[in-house]
Amino acid sequence: MSAERAEGVVRAVVVHDGRLLLVPEQHGWGLPSGTPQPAETPQATAARVVYELTGYLADGTEALDPGDADGGTAVLCRLLTGSPSDGGRLTPDHLRWASAEEIADTPLPAPVHNYLQGHTPPI
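Small disclaimer: the values here were computed from a predicted structure and weren't measured.

This paragraph deals with the layout of surface pockets. To find leftover empty space, one rolls a probe the size of a water molecule over the atoms. In this model, the largest pocket occupies a volume close to 200 Å³. In terms of lining, the largest pocket is formed by R11, E25, Q26, H27, G28, W29, G30, L31, S33, P107, L108 and P109. Take the lining of the largest pocket: its biggest share by element is three residues, from strand β3 (residues 28-30). Of the residues belonging to the lining of the largest pocket, the class tally is five nonpolar, five polar and two charged.

As structure tokens, then:
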């Protein structure tokens, strides 16, 4: 795990039971994402953003790539709770758990698509 400070947008990649956690975005669905607080690592940012948006506790385990074109980072997160708390900004009915087939055309950073191709079983 890197102790580097996060820069740019941090995107949380939460995969559970072969499905990817998505949240509503302006033009469809996307990864939970946000900007880091001062001195926050990408892993800590990803875990915080997942909790703040969804209420799920997650552990940001590793950055998938040092960065993408916008200077952001995608971080693999391990889900620590089976259901969200009431603290998330989005209610469970505003979240989507999508299979690999369902996200094939979703605009995700290349490192995320590359990771998912090898780590999500078809459903």
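Counting across every chain of the model gives five salt bridges. Here E52 and R89 are joined by a salt bridge, their closest N and O atoms 3.4 Å apart. Of the two residues, E52 is situated in helix α1 (residues 42-54) and R89 in the loop between β6 (73-79) and β7 (96-98); the sequence distance between them amounts to 37 residues. Relative accessible area serves as the criterion here: at 28%, E52 is assigned to the partly exposed category. On the accessibility criterion, R89 (61% relative accessible area) is exposed.

Moving on, we come to unusual backbone geometry. Here D17, not a glycine, exhibits a phi torsion of approximately 50 degrees, which is positive. Mapped onto the secondary structure, D17 falls in the loop between β1 (10-16) and β2 (19-25). With a relative accessible area of 63%, D17 lands in the exposed category. A positive phi is found at A39, a non-glycine position, where the angle reads about 65 degrees.

Aromatic rings considered in pairs are described by the distance between their centres and by the relative angle of their planes. Counting across every chain of the model gives one aromatic pair. Relative to W97, the ring of Y56 lies with its centre 5.7 Å away and its plane at 90 degrees, an arrangement referred to as edge-to-face. One end of the pair, Y56, is in the loop between α1 and β5 (58-63); the other, W97, is in strand β7, and 41 residues separate them in sequence. Residue classification places Y56 among the buried residues on the basis of a relative accessible area of 8%. Overall, W97 belongs to the partly exposed group, its relative accessible area being 24%.

Attention shifts here to the pairing of β1. Among the seven residues of β1, five are classified as buried, and the element is accordingly described as predominantly covered. Both β1 and strand β4 (residues 33-34) contribute to a ladder of two bridges, which runs antiparallel. Note that in β4 the partner of V10 across the bridge is G34. Here β1 pairs with β6 via five bridges, running parallel.

A word on the side chain of T106. Within the element layout of this structure, T106 appears in the loop between β7 and α2 (110-119). Under the relative-accessibility criterion, T106 is labelled buried at 10%. Those residues within four positions of T106 in sequence are excluded, and the remaining contacts are W29 and H113.

Our focus in this paragraph is the nonpolar core. Among the nonpolar cores identified, the biggest contains 13 residues, and A12, V14, A46, V50 and C77 are the most heavily contacted of them. Of all elements in the fold, only β1, β2, α1 and β6 reach the threshold of two or more residues within this core. Non-local contacts of A12, meaning those with residues more than four positions away in its chain, are made with L31, P32, A46, V50, V75 and C77. L20, A74, L76 and A98 belong to the second-largest nonpolar core, a separate cluster that totals 12 residues.

The rules behind each value
Per-chain numbering applies: the sequence of each chain, read as written, is numbered from 1 onward. Selection of residues for local features in this predicted model requires a pLDDT of at least 70, selection of side-chain atom pairs for listing and counting requires 80 or more, and totals for whole chains, interfaces and linings are taken over all residues. Hydrogens are left out, water is left out, and the side-chain values use all remaining heavy atoms of the structure. Whether a set of points on the 1 Å grid over the protein atoms alone is a cavity depends on a 1.4 Å probe fitting there but being unable to get out, while an open set qualifies as a pocket with protein on both sides within 12 Å along at least five of seven lines; lining residues are those with an atom within 4 Å of a point. Grid points are joined across faces, edges and corners, and a volume is the space filled by probe spheres set on the points. Strands here are runs of E lasting at least two residues and helices are runs of H or I lasting at least four, both read from the DSSP assignment and numbered beginning at the N terminus. Gly is placed with the polar residues, together with every amino acid not listed as nonpolar (Ala, Val, Leu, Ile, Met, Phe, Trp, Tyr, Cys and Pro) or charged (Asp, Glu, Lys and Arg). When a carboxyl oxygen of Asp or Glu is within 4 Å of a side-chain nitrogen of Lys or Arg, the pair counts as a salt bridge. Each residue is assigned to one of three classes by its accessible area relative to the maximum for its type, calculated with a 1.4 Å probe on protein chains only: buried under 20%, partly exposed between the two thresholds, exposed over 50%. Pairs were defined over the aromatic rings of Phe, Tyr and Trp, the Trp ring being its six-membered one, requiring ring centres within 6.5 Å. Orientation was assigned from the angle between planes: stacked under 30 degrees, edge-to-face over 60, tilted for the rest. At least two DSSP bridges between two strands are required for those strands to pair. Contact criterion: two residues are considered in contact whenever any of their non-hydrogen atoms come within 4.5 Å of each other. By nonpolar core is meant a set of buried Ala, Val, Leu, Ile, Met, Phe, Trp, Tyr and Cys residues that side-chain atoms within 4.5 Å join together.

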